[in-house]
Amino acid sequence: MLQLKSVDLKKETVETLIIPVCEDKEIHQEKTIEALVKKAQALEEFKGSAKDGVTFYSPAGTKVTRATILGLGKLEKVDPEALRSMAGEAVKDAIKKGFAQVYIAVPTAKSVGLEMALILEALGEGAVLSNHLFSRYKKDEKLKPLKKIFLLTDAATVKGHSKSCTRIETICRGTLLAREWVNIPPNDKPPMQFAKAITLAAAKQNLKITVLDEKALKQKKFGAMLAVAAGSRNKPCLMVMEYRPRGAKKTIALVGKGVTFDSGGINLKPSGSLDTMKSDMSGAAAVAATLITLAKLKPKINVVGLLPIVENMPSGTAARPGDIVQSYAGKTIEIGNTDAEGRLILIDAIAYAIKTYKPETLIDLATLTGACIVALGEKIAGIFSFDDKLAETIIASGKKTYERCWRLPLPEDYKEELKSDFADLKNIGSTRWGGAITAALFIGGFAENTPWAHIDIAGPSYRKKESAYSGAGATGFGVRLLCDMIEKL
Ligand code: BES
Ligand code: ZN
Ligand code: ZN
């Protein structure tokens with residue numbers, strides 16, 4: 001769908017051409033494009049500031065049907081994210097207008113002061129990520145994603161970056177896959193059905209997939225996870241996805257929280273907090289989509305994805321506040337609050353991951369706490385790790401992909417908060433302060449000596465409103481981040 005192309009605009013027909021421009025610098029070199037930009041700049045109403053736009057229809061001397069000159073603002077503001085957003089908005093607009101394809105003119109690397117690979121990646125990502133509609137539940141949806149997106153550049157760039165589009169598209173498709181799963185309503189993704197959907201999506205890839213069903217979980221004593229699942233008629237499962245390329249030495253484990261609906265359980269959430277809780281499996285969705293993507297990218301490292309999948313519901317069979325359960329690792333846990341269920345399923349999956357796969361590194365991804373959203377807002381994930389190098393690697397990938405991560409501390413003395421009078425541990429702190437930290441400390445206690453990082457994605461995994469390159473709802477946060485990071489490990 002995404003393709004680099006070099007076209008003579010005077011000779012070949014191009015229906016829709018988008019030309020990004022700066023307010024204070026020329027960023028294109030191709031003569032026809034330069035002429036169109038000049039024509040726009042001569043207009044009173046066009047300044048080139050961000051979101052400024054003007055369209056010329058069938059401009060003379062070209063075979064372009066419509067050329068839209070889009071402002072990016074001042075050159076100093078042009079970074080990969082500005083390009084990603086511009087491409088995203090342009091593609092969304094093209095979809096709304098019913099076009100089947102679009103050309104985006106690529107600025108020259110020298111003029112914007114960025115490497116060409118970065119420019120192409122940003123434009124490609126914004127375009128592909130926007131080219132998606134979650135319409136499977138809309139009977140009358142007329143809009144359709146574009147069939148083709150061309151990045152218009154010179155012949156040398158097309159030649160020099162021939163493989164980049166496939167790679168960009170592969171990674172973005174992973175993000176879109178995660179978005180699809182998260183947006184699916186909770187009645188259509190009870191745990192076993194969600195696991196089946198993942199198995200189906202992974203079918204063509206070289207991945208080993210195992211699903212531990214309820215019976216196996218009982219047999220192996222996943223006590224914490226089973227307690228969370230106890231209130232739902234829908235049975236839980238632990239899904240394991242293994243990517244093992246030949247010659248790989250290191251193993252990394254990725255654990256993703258997969259609560260298909262979090263009602264809070266007996267500690268029922270208030271009504272305003274319930275309607276987005278289908279997204280409480282965003283961690284699992286991101287991990288599953290990452291494994292499918294890695295199987296296509298083929299980095300030389302073993303990656304095991306573990307997805308504890310449950311539904312958290314209140315009922316006569318649900319776990320109660322005050323219940324004490326024994327986790328897979330053997331520790332007893334007093335359930336202080338049934339809404340702090342994510343950490344219960346994660347510790348069982350983490351303990352199982354360490355025992356079974358002995359990974360060099362373990363990373364968990366979870367929509368874990370509202371407290372993390374209070375701390376960092378809706379766009380930035382919290383990251384926690386005792387390992388500075390691992391934390392820095394993740395943060396660097398966050399900068400690169402603009403899936404931003406901010407490190408929060410793991411103070412030893414806050415562990416006091418998790419003491420229980422009756423069991424080894426309690427699943428909530430004694431106060432609500434620092435809730436993202438106490439949650440992370442709870443999980444960290446089960447990582448033993450394995451270098452571990454926890455990414456709290458409660459904020460950035462889901463947005464009620466659409467943004468530049470994501471529709472309303474799921475964002476697919478984590479897939480681009482993890483893919484970038486794993487290739488660097
Ligand atoms: N799934 C929620 C966290 C969440 C909140 C995700 C908002 C996305 C948006 C989690 O299971 C939860 O309920 N956490 C509680 C913990 C508390 C009971 C200690 C919270 O954050 O309030
Ligand atoms: Zn909860
Ligand atoms: Zn939850």
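Please read these numbers as outputs of a predicted model, since none were measured by experiment. (Residues numbered from 1 in each chain as written. Chains lettered and ligands numbered in written order. Predicted model: local features only at pLDDT ≥ 70, side-chain atom pairs only at ≥ 80, totals over all residues. Heavy atoms only, no water.)

**Describing the site of ligand 1**
To be explicit about the condition: We define proximity as follows: a residue is near a molecule or strand when any one of its heavy atoms falls within 4 Å of that partner. Here a polar contact is recorded for every N or O atom pair within 3.5 Å, except that within protein the pair must consist of a potential hydrogen donor and a potential acceptor, and residues adjacent in sequence are included only if both atoms are side-chain atoms. Values of accessible area rely on a 1.4 Å probe in the Shrake-Rupley scheme; residue burial ignores everything except the protein chains shown. Space inside and on the surface of the protein is sampled on a 1 Å grid over the protein atoms alone, with a cavity defined as a set of points where a 1.4 Å probe fits but cannot get out and a pocket as an open set with protein on both sides within 12 Å along at least 5 of 7 lines; lining residues have an atom within 4 Å of a point. Assignment of a molecule to a cavity or pocket requires that more than half of its atoms lie within 2 Å of the corresponding grid points.
As a structural note, the neighbourhood of ligand 1 is formed by 16 residues, with Lys-269, Asp-280, Asp-339, Glu-341 and Gly-370 the closest of them. Residue Lys-257 places a side-chain N or O atom 3.2 Å away from an oxygen atom belonging to ligand 1. Take Leu-368: an N or O atom from its main chain is 3.4 Å from a nitrogen atom of ligand 1. Alone, ligand 1 offers 520 Å² of accessible surface; in the complex the protein occludes 76% of this. Most atoms of ligand 1, that is more than half of them, are within 2 Å of grid points of the largest pocket.

**What about the pairing of strand β4 (residues 64-71)?**
Going by this rule: Burial classes follow relative accessibility: with a 1.4 Å probe on protein chains only, a residue under 20% of its type's maximum area counts as buried, one over 50% as exposed, and anything between as partly exposed. Going along the chain from the N terminus, every DSSP run of H or I of four or more residues is numbered as a helix, and every run of E of two or more is numbered as a strand. Pairing between two strands is assigned when DSSP locates at least 2 bridges connecting them.
Across the 8 residues that make up β4, a large majority, 7, are buried. In this sheet, β4 lies alongside strand β2 (residues 14-21) in parallel orientation, the contact comprising 7 bridges. Bridging across to β4, Val-14 finds its partner in Val-64. When strand β3 (residues 53-57) meets β4, the two strands line up antiparallel, connected through 5 bridges. Across the sheet, residue Gly-53 finds its bridge partner in β4, namely Leu-70.

**With respect to the sheet that holds strand β17 (residues 425-426)**
Judged by pairing direction, the sheet is mixed, and its 3 strands sit side by side in the order β12-β13-β17 without closing on themselves. Either end of the sheet is taken by a strand with one partner, and the two such strands are β12 (324-326) and β17. In this structure, strand β13 (residues 332-334) lies alongside β17, joined through 2 bridges in parallel fashion. Bridging from a neighbouring strand, Ile-333 pairs with Leu-425 of β17.

**Remarks on the coordination of the zinc ion (ligand 3)**
Basically, it comes down to this: Only nitrogen, oxygen and sulfur atoms qualify as donors, provided they sit within 2.8 Å of the metal or within 3.2 Å for Na, K and Ca; with water excluded from the atoms, sites may seem incomplete. Irregular is the default label, applied whenever a site is not tetrahedral (four donors, all angles between 85 and 135 degrees) and neither square planar nor octahedral (four or six donors, opposite donors over 155 degrees apart, all other angles between 65 and 115).
At 2.0 to 2.4 Å from the zinc ion (ligand 3) lie its protein donor atoms, namely Lys-257 (NZ), Asp-262 (OD), Asp-280 (OD) and Glu-341 (OE). One way to put it: the 6 donor atoms around the zinc ion (ligand 3) meet at angles of 77 to 173 degrees, and that makes the site octahedral. In this model, the zinc ion (ligand 3) sits 3.2 Å from the zinc ion (ligand 2), the two metals being bridged by Asp-262. Linking Asp-280 in the loop between β10 (258-262) and α10 (282-297) with Glu-341 in the loop between β13 and α11 (342-357), this pair joins segments that are 61 residues apart in sequence. On the basis of relative accessible area, Glu-341 is assigned to the buried category, the value being 1%.

**A closer look at the coordination of the zinc ion (ligand 2)**
The protein atoms that coordinate the zinc ion (ligand 2) are Asp-262 (OD), Asp-339 (O), Asp-339 (OD) and Glu-341 (OE), at distances spanning 2.0 to 2.2 Å. Relative to the metal, the 6 donor atoms surrounding the zinc ion (ligand 2) lie at angles of 72 to 168 degrees, and the coordination shape comes out irregular. Read from N- to C-terminus, the donor residues coordinating the zinc ion (ligand 2) fall into the pattern D-x76-D-x1-E. The class for Asp-262 is buried, based on a relative accessible area of 3%.

**Points about unusual backbone geometry**
The backbone of Ser-58 shows a phi angle near 40 degrees, a positive value even though the residue is not glycine. Classification of Ser-58 as exposed rests on a relative accessible area of 51%. Backbone geometry at Lys-358 places phi at a positive 40 degrees, although glycine is not the residue there. Structurally, the position occupied by Lys-358 is in the loop between α11 and β14 (361-366).

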